[in-house]
Structure formats: C-alpha cells, structure tokens
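What follows is the residue order along each chain.
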Amino acid sequence: MTKADLVDKVTALGDLTRRDGEVIVDTLFDAVIGALKTGDKIEIRGFGSFRTRQRNARTGRNPKTGAKVDVPAKRVPFFKPSKELRDSVNPNGAVKSRPVAAKKAVDKEHIDPHHPPAM
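The name given to the protein chain in an unreviewed UniProt entry is Integration host factor subunit beta, and the organism recorded there is Tunturiibacter empetritectus. Per its UniProt entry, the protein chain bears the Sequence similarities (unreviewed entry) comment "Belongs to the bacterial histone-like protein family."

Written as structure tokens, this is what we have:
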C-alpha cells in the first residue's frame, strides 16, 4: 500500500475531499516523525509502538573495495507490532521451526553426500 492508497482509503471513509484526506495522512505522519525526532515513544493500542534505538559507533567495510570505514553512532526508528496485530497477521499462530538441537538429531540420520560430516 502506498501513501496515495492510504489517502484514498481515508477519503472513502467519510464525506471528505482528497485534499482533506491528504491533510489527515500528512498530519499523522508528521506527528509520528516529530515525536521520534524528539526521542518520544508512540504507542497505538492494537497496532504497535514506534520508538528510536541507539546504534553504537562501529568499524564497517566497503563491500566493493574492502576498505575499513568508520560508521558513527546514530539513532534509528524501530517499530514493534502489538500482540493483536501479530495475531491478525498469523491467524493460526506462527508455525515454529524445530529447535536447533532437534534439527541436528534428525540430521544425524541423513548424511548429505555433497557435505559429509566433519570427523
């Protein structure tokens, strides 16, 4: 869904012009961005919460040249969905994969001819 699609949905919900829908969507986005810029946390019940996380400075590398690059510390936006949103996206519950120990136990029975186990 794009911002234009969201404006269309807001406009269709009420007796609004397209310009009114754009103002509503822009105001919502501006409020979220403004709160994150000041370090506030936004919680929307039934949807999720927005906040910023601090990333420490680190030494990265340029993938093309392999040269080391200093990456400064920064804040990045982070979204955590609510339980209701997660449950609505996964109505039957998330299918959990087998634990790593169980995978290894099953894999012992099957030996891949292309990747034999280390001795």
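### Here's the deal with the environment of Lys41
Residue placement: Lys41 occurs in the loop between α2 (18–37) and β1 (42–44). Each C-alpha atom of the pair Lys41 and Arg51 lies 4.7 Å from the other, and the pair is ten residues apart in sequence. Beyond its immediate sequence surroundings of up to four residues, Lys41 is in contact with Ser49, Phe50 and Arg51.

### Comments concerning the pattern of salt bridges
Using the criterion set out here, one finds six salt bridges in the structure. Among the salt bridges present, the one from Glu22 reaches Arg18, with a minimum N-O distance of 3.7 Å. Taken together, the residues Glu22 and Arg18, both in helix α2 and four residues apart, mark about one turn of the helix. Given the relative accessible area of 27%, Glu22 is considered partly exposed. A salt bridge links Lys41 to Glu43, with the nearest nitrogen and oxygen atoms 3.7 Å apart. The exposed category is assigned to Glu43, whose relative accessible area is 53%. Several salt bridges converge on common partners, so that one network encompasses Asp8, Arg18, Arg19 and Glu22.

### Looking at the layout of surface pockets
In this structure, the largest pocket spans a volume of roughly 200 Å³. For the largest pocket, the lining is made up of 13 residues, of which Glu43, Gly48, Ser49, Lys80 and Ser82 are closest to its centre. Going through the elements one at a time, β1, β2 (48–55), β5 (74–81) and α3 (83–89) are the ones with two or more residues in the lining of the largest pocket. For the lining of the largest pocket, the per-class residue count stands at two nonpolar, four polar and seven charged. By volume, the second largest pocket amounts to about 170 Å³. The element contributing the most residues to the lining of the second largest pocket is α2, with three residues. A breakdown of the residues in the lining of the second largest pocket according to their chemical character gives seven nonpolar, no polar and no charged.

### Details of the packing of aromatic side chains
All told, the structure shown has three aromatic pairs when counted by the stated rule. Judged by centre distance (5.3 Å) and plane angle (45°), the rings of Phe47 and Phe79 are tilted. Separated by 32 residues along the polypeptide, Phe47 in the loop between β1 and β2 and Phe79 in strand β5 bring together distant segments of the chain. Judged by its relative accessible area of 30%, Phe79 falls in the partly exposed class. Measuring from ring centre to ring centre gives 4.8 Å for Phe50 and Phe79, while their planes differ by 45°; the resulting arrangement is tilted. One end of the pair, Phe50, is in strand β2; the other, Phe79, is in strand β5, with 29 residues separating them in the sequence.

Thresholds, definitions, all that
- Here, residues in each chain are numbered from 1, in the same order as that chain's written sequence.
- Predicted model: local features are reported for residues with pLDDT of at least 70 only, side-chain atom pairs are reported and counted for 80 or more only, and whole-chain, interface and lining totals are derived from all residues.
- Where side-chain values are given, they derive from all heavy atoms of the structure, hydrogens and water being excluded.
- UniProt positions are given in the numbering used here, feature names are shortened, and annotations may be inferred rather than shown by experiment.
- The numbering of helices and of strands both runs from the N terminus, where a helix is a DSSP run of H or I of at least 4 residues and a strand a run of E of at least 2.
- In what follows, a contact means two residues having at least one pair of non-hydrogen atoms within 4.5 Å.
- Basic side-chain nitrogens of Lys or Arg form a salt bridge, by our definition, when they fall within 4 Å of a carboxyl oxygen of Asp or Glu.
- Burial classification: accessible surface area is computed with a 1.4 Å probe over protein chains only, and a residue below 20% of its type maximum counts as buried, one above 50% as exposed, and the rest as partly exposed.
- In this analysis, the protein atoms alone were mapped onto a 1 Å grid. Cavities are point sets where a 1.4 Å probe fits without being able to get out; pockets are open sets with protein on both sides within 12 Å along at least five of seven lines; lining residues have an atom within 4 Å of a point.
- Grid points are joined across faces, edges and corners, and a volume is the space filled by probe spheres set on the points.
- Nonpolar residues are Ala, Val, Leu, Ile, Met, Phe, Trp, Tyr, Cys and Pro. Charged residues are Asp, Glu, Lys and Arg, and all others, Gly as well, are polar.
- For this analysis, a ring pair means two rings from Phe, Tyr or Trp (six-membered ring only for Trp) whose centres lie within 6.5 Å, classed as stacked if their planes differ by under 30 degrees, edge-to-face if by over 60, and tilted for the remaining angles.

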